[in-house]
Amino acid sequence: KTCILIGAPIDSGQRRAGCLMGPAAYRVAGLARSLCDLGFTVIDRGDLIPCPVPPVPCSNPAIHGLSETIGWTLALTEAVDRALDDGFPIVLGGDHSLAMGSVAGAAAHAAAAGRPLFLLWLDAHSDFHTLDTTTSGNLHGIPVAYAAGRTGFDGFPPFPAHLPPERICLFGIRSVDPEEHEALLRYDISIIDMRVIDEFGICAPLRGFLDKVRAADGMLHVSLDVDFIDPAHAPAVGTTVPGGTTIREAHLVMELLHDSGLVTSLDLVELNPFLDERGRTTRLMVDLAASLMGRKVFDRPTRGFG
Ligand code: DIR
Ligand code: MN
Ligand code: MN
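Residues numbered from 1 in each chain as written. Chains lettered and ligands numbered in written order. Predicted model: local features only at pLDDT ≥ 70, side-chain atom pairs only at ≥ 80, totals over all residues. Heavy atoms only, no water.

**Q** Got a minute to help me understand the pairing of strand β5 (residues 168-173) in this structure?
**A** In the case of a regular strand, side chains alternate between the two sheet surfaces. Most of β5 is tucked away: 6 of the 6 residues are buried. As defined by bridge partners, strand β4 (residues 117-122) adjoins β5 across 4 bridges and the pair is classed as parallel. Each bridged residue has a counterpart across the sheet, and for Trp121 the counterpart in β5 is Leu170. In terms of handedness, the path from β4 via helix α5 (residues 143-148) over to β5 forms a crossover that is right-handed. Where β5 meets strand β6 (residues 190-193), 4 bridges bridge the pair, whose relative direction is parallel. Paired with Ile173 across the two strands is Asp193, which belongs to β6. Crossover β5 to β6 through helix α6 (residues 178-184) is right-handed. (Buried < 20%, exposed > 50% of the residue type's maximum accessible area, 1.4 Å probe, protein only. Helix = DSSP H or I, 4+ residues; strand = E, 2+ residues; numbered from the N terminus. Pairing = 2+ DSSP bridges. Right-handed = clockwise from strand over helix to strand, strands pointing away.)

Here it is as structure tokens:
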């Protein structure tokens, strides 16, 4: 059992400086130690640097950080594809634009292995903009559309093997821009928004998606945005949206993912340590990652009570 940590100090996908401190914060908070305690051999590949990319013209004047984000996409695609040969990659972000590279790397790896890739997006947001529809110009809002094969990604490398919508699950969302909403209606993506979670809880909707992954012998990439968790518990993120999951709901997601044995790669994104209070959000993210990798409150088979 080998875990490969890949630092991705990306700040180009949004405007509030600080996400580039994420990889350092995860290291300070002891992510590697937590994984070692679970029995993993941990290889820390250090921080990546983006590939050099010349300025890229773009017709949407709101967009910023385009060539830098493309450079990160190229570097991460290669790094994650390669890391999957050696173990379980965990990408330490960095803002969510890094997922264009990590999901592309996982997709390239899955295509070479002849297996389908599935994507679980744990986020307050749907991140389904294209370069043409984004009004904020923040490129952390586009990676799901890139993976799903929407057009409007001029300048980006072609996505290795587009994910059919039914292999994508948006889980925990509660902030969808009008252009994203309009586009999502045309894609058969599983949308487990907070309303669904309020009504049905975490288990049934998540198991439904995991059953599809298992039935297809798929690989599963999980992308965890800090704002998936309610800002009352995880305030160190640039785009807080009230009404998110509790700490226990988030752990339950991670524990069910571990029990499934299906997850093959993970992103930890959008942490802004500059906004953190004594490492509180950072430590929560480390604890959630540990749950996904197998940490349990008490190790016993699930069975009846009484
Ligand atoms: C918003 C925010 N939909 C945008 N997106 C965020 O700027 O496109 N994604 N924060 O996680
Ligand atoms: Mn996001
Ligand atoms: Mn988000």
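**Q** Before we go on, may I ask you to explain the coordination of the manganese ion (ligand 3) in this structure?
**A** Six octahedrally arranged donors around a metal ideally form angles of 90 or 180 degrees; four tetrahedrally arranged donors ideally form angles of 109.5 degrees. The coordination sphere of the manganese ion (ligand 3) contains the protein donors Asp123 (OD), His125 (ND1), Asp225 (OD), Asp227 (OD) and Asp227 (OD), at a distance range of 2.1 to 2.6 Å. On the primary sequence, the residues serving as donors to the manganese ion (ligand 3) are separated as D-x1-H-x99-D-x1-D. The metal-metal distance between the manganese ion (ligand 3) and the manganese ion (ligand 2) is 3.3 Å, with Asp123 serving as a donor to both. You can see Asp123 sitting in the loop between β4 and α5 and its partner Asp225 sitting in strand β7 (residues 219-225), a full 102 residues away along the chain. Assessed through its relative accessible area of 2%, Asp225 is described here as buried. (Donors = N, O, S within 2.8 Å, 3.2 Å for Na, K, Ca; no water.)

**Q** Got a minute to help me understand the layout of surface pockets in this structure?
**A** Over the atoms rolls a probe the size of a water molecule, and in doing so it shows where empty space is left. Quantified by volume, the second largest pocket comes out at close to 240 Å³. In this structure, the second largest pocket is lined by 18 residues; those nearest its centre are His125, Asp127, His140, Gly141 and Asp177. Within the lining of the second largest pocket, the residues separate by chemical class into no nonpolar, 11 polar and 7 charged. (1 Å grid on protein atoms, 1.4 Å probe; cavity = no way out; pocket = protein on both sides within 12 Å on 5 of 7 lines; lining within 4 Å. Points joined across faces, edges and corners; volume = space filled by probe spheres on them. Nonpolar A, V, L, I, M, F, W, Y, C, P; charged D, E, K, R; others polar.)

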